[in-house]
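# Per-entry structural report
This is what each chain is made of:
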Amino acid sequence: MRINRILWAILIVAGLIAPYFAYPVFVMKVLCFALFACAFNLLLGYTGLLSFGHAAFFGGAAYITGHAIKVWGVAPIPGILLGTLLALVLGYIFGALAIRRQGIYFAMVTLALAQIIYFLALQVPFTHGEDGLQGIPRGHLLGLIDLSQPLQMYYTVFGIFLIGFVIIHRTIHSPFGKVLLAIRENEPRALSLGYNVARCKLQAFVISAALTGLAGATKAVVFQFASLTDVHWQTSGEVILMTLLGGLGTIFGPVVGAVTVVTLQNQLSSIGSWVEVVTGGIFIVCVLVFRRGIIGELGKALRAPNV
C-alpha cells in the first residue's frame, strides 16, 4: 500500500512538472500511449485475453474525433467523447464476437476484425486514405482555454490521462476486478462458482476498448492528425510490447513501458527502421532477465505485488 502511494505521488508530480523539462508534445504522446497500454493491460493482464485488434479502437476513435472537430465544428472535449463512444460500440461488437473463442483463436478473431476497420479507413472518403486526416484544429476547452498553447493542451491531456487511469485503477480494485482475476487464473472454476464469465469478459473488453478510444481520440487532437498507422496491426503490437516490458498485470507497469518504448523511438529515430531492431532486442532481454517486466520485478524485490 505504501509503495502504491509513493508511485501515485511520483506519477502526479512527474506529470505536473514534465512539460518544463521535456518537449510538451513528446510528453503528451507518452501520456496517450500510456493510457492505451493501461487499457490494454486491463484486458490482457487482468482478464487474460490477448487482443491483436486494439488499434481499431485507437485509430477509429482518432478518425471520428478528427472528423467531428474539423468538419462538424464540434468542440474538442465533445469530439473526444464521440471518438470514445465509437470505440465503446466497436468494443461491444468485437467483444460479442471474439469472446466465443479462447486463446489464439480469440486473438486471431480480434485481428481479423481490426483488419476490416483498417480496410474501411483506407477506402472511406472522409479518412483521406493514405494521406490521413490532417489539419484537425485543437480549438478551445470550454470556450475559454486556447488548446493551441502547448502548456494548456498538455495539462488537458494530463487530466484526461488521470481520469482514464483512475477508472482503470478503480476497476481493478473493485469486486468486478477480482472476478476478472479469477477468470484469468481459472476460468472453469469461476464458471463453477456461478459467475457469468462471458458477460464479465465482454464488460472488460468494452471498458478496455472505450479507454483505448479515449487515448486515440486525445492523440488525434494533440497531433492534429489521424492516419492509417493508428489503425494498423503494428500499433496493436507496440502496445503489447509496452505492456509486457513494463509489467503485465501491474498497475503502473504499462505506464513505464510506454515511457520506455516511446522514448526509445524518439531518441533513436535517426537510425530509421533499425529502431525496431533495438526495441526488439531490449524486449528479448527483458523477457529473459525481467520476466515480470520492469515494475513486476521491482514489486517482487520490494514484496509489493499490487503495483
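The preceding data block contains the structure.
Calculation notes
Residues numbered from 1 in each chain as written. Predicted model: local features only at pLDDT ≥ 70, side-chain atom pairs only at ≥ 80, totals over all residues. Heavy atoms only, no water. Helix = DSSP H or I, 4+ residues; strand = E, 2+ residues; numbered from the N terminus. Rg over C-alpha atoms; globule rule 2.2 N^0.38 Å. Buried < 20%, exposed > 50% of the residue type's maximum accessible area, 1.4 Å probe, protein only. Contact = heavy atoms within 4.5 Å. 1 Å grid on protein atoms, 1.4 Å probe; cavity = no way out; pocket = protein on both sides within 12 Å on 5 of 7 lines; lining within 4 Å. Points joined across faces, edges and corners; volume = space filled by probe spheres on them. Nonpolar A, V, L, I, M, F, W, Y, C, P; charged D, E, K, R; others polar. Axes fitted to C-alpha atoms, helices over the stretch in contact; angles between N-to-C directions. Left-handed = near helix turned anticlockwise from the far one by under 90°. Expected span 1.5 Å × (residues − 1). Salt bridge = Lys/Arg side-chain N within 4 Å of Asp/Glu carboxyl O. Phe/Tyr/Trp six-rings, centres within 6.5 Å; stacked < 30°, edge-to-face > 60°.

### Description of the overall build of the chain
Along its length, the chain carries 13 helices and 4 strands. At 19 Å, the chain has a C-alpha radius of gyration in line with the 19 Å of a compact globule built from 307 residues. Overall, the C-alpha framework of the chain stretches about 50 × 40 × 40 Å when taken along its three principal axes. Looking at the 307 residues of the chain, the share that counts as buried comes to 50%. Once local pairs closer than 6 in sequence are excluded, the contacts in the chain between residues at least 24 apart make up 77%.

### A closer look at empty space enclosed by the protein
Inspection of the entire model under this criterion finds 1 cavity of 30 Å³ or more. In this structure, the largest cavity encloses a volume near 40 Å³. Broken down by secondary-structure element, the contributors of at least two residues to the lining of the largest cavity are helix H2 (24–47), helix H6 (150–172) and helix H9 (197–223). Its residues assigned to classes, the lining of the largest cavity comprises 8 nonpolar, 1 polar and no charged.

### Considerations on the packing of helix H4 (residues 76–98) against H9
Where H4 meets H9, the axes come as close as 7 Å, and the angle between the chain directions of the two elements is 145 degrees. The two elements H4 and H9 meet at a crossing, and its hand is right-handed. Every residue of H9 that contacts H4 at Ile 80, Gly 83, Thr 84, Ala 87, Leu 88, Gly 91, Tyr 92, Phe 94, Gly 95 and Ala 96 is listed here: Leu 202, Phe 205, Val 206, Ala 209, Ala 210, Gly 213, Leu 214, Ala 217, Thr 218 and Val 221. For the contact of H4 with H9, the per-class residue count stands at 14 nonpolar, 6 polar and no charged.

### A look at H4
Residue pairs three or four apart in sequence face the same way in an α-helix, which turns once every 3.6 residues. If you check H4, its first and last C-alpha atoms are 32 Å apart, about what 23 residues at 1.5 Å a residue would give, namely 33 Å. Within H4, burial applies to Pro 76, Gly 79, Ile 80, Gly 83, Thr 84, Ala 87, Leu 90, Gly 91, Phe 94, Gly 95 and Ala 98.

### Some details on the pattern of salt bridges
Enumeration over the complete set of coordinates arrives at 3 salt bridges. Note that Glu 187 is salt-bridged to Lys 201, the shortest N-O span being 3.5 Å. Taken together, the residues span a long stretch of sequence, with Glu 187 in helix H8 (residues 187–192) and Lys 201 in helix H9 at a distance of 14 residues. The exposure class assigned to Lys 201 is buried, which follows from its relative accessible area of 2%.

### Thoughts on the packing of aromatic side chains
Applying the stated criterion across every chain, the model contains 12 aromatic pairs. A ring pair is formed by Phe 57 and Phe 94, whose centres lie 5.2 Å apart and whose planes are at 55 degrees; its orientation type is tilted. Highlighted residues: Phe 57 in helix H3 (residues 54–70) and Phe 94 in helix H4, separated in sequence by 37 residues. Phe 57 sits in the buried class, given a relative accessible area of 1%. Phe 94 gets classed as buried once you look at its relative accessible area, which sits at 4%. With a centroid separation of 5.1 Å and 75 degrees between ring planes, the pair formed by Tyr 154 and Tyr 155 is classed as edge-to-face. Taken together through their ring pairs, the aromatic side chains of Trp 8, Phe 161, Phe 165 and Phe 252 make up a single cluster.

### Thoughts on unusual backbone geometry
In the Ramachandran plot, His 128 falls in the positive-phi region, its phi being about 65 degrees despite a non-glycine side chain. On the basis of relative accessible area, His 128 is assigned to the partly exposed category, the value being 44%. One non-glycine residue, Gln 224, adopts positive backbone phi at about 55 degrees. Mapped onto the elements of the fold, Gln 224 is located in the loop between H9 and strand E4 (225–226). For Gln 224, a relative accessible area of 32% gives the class partly exposed.

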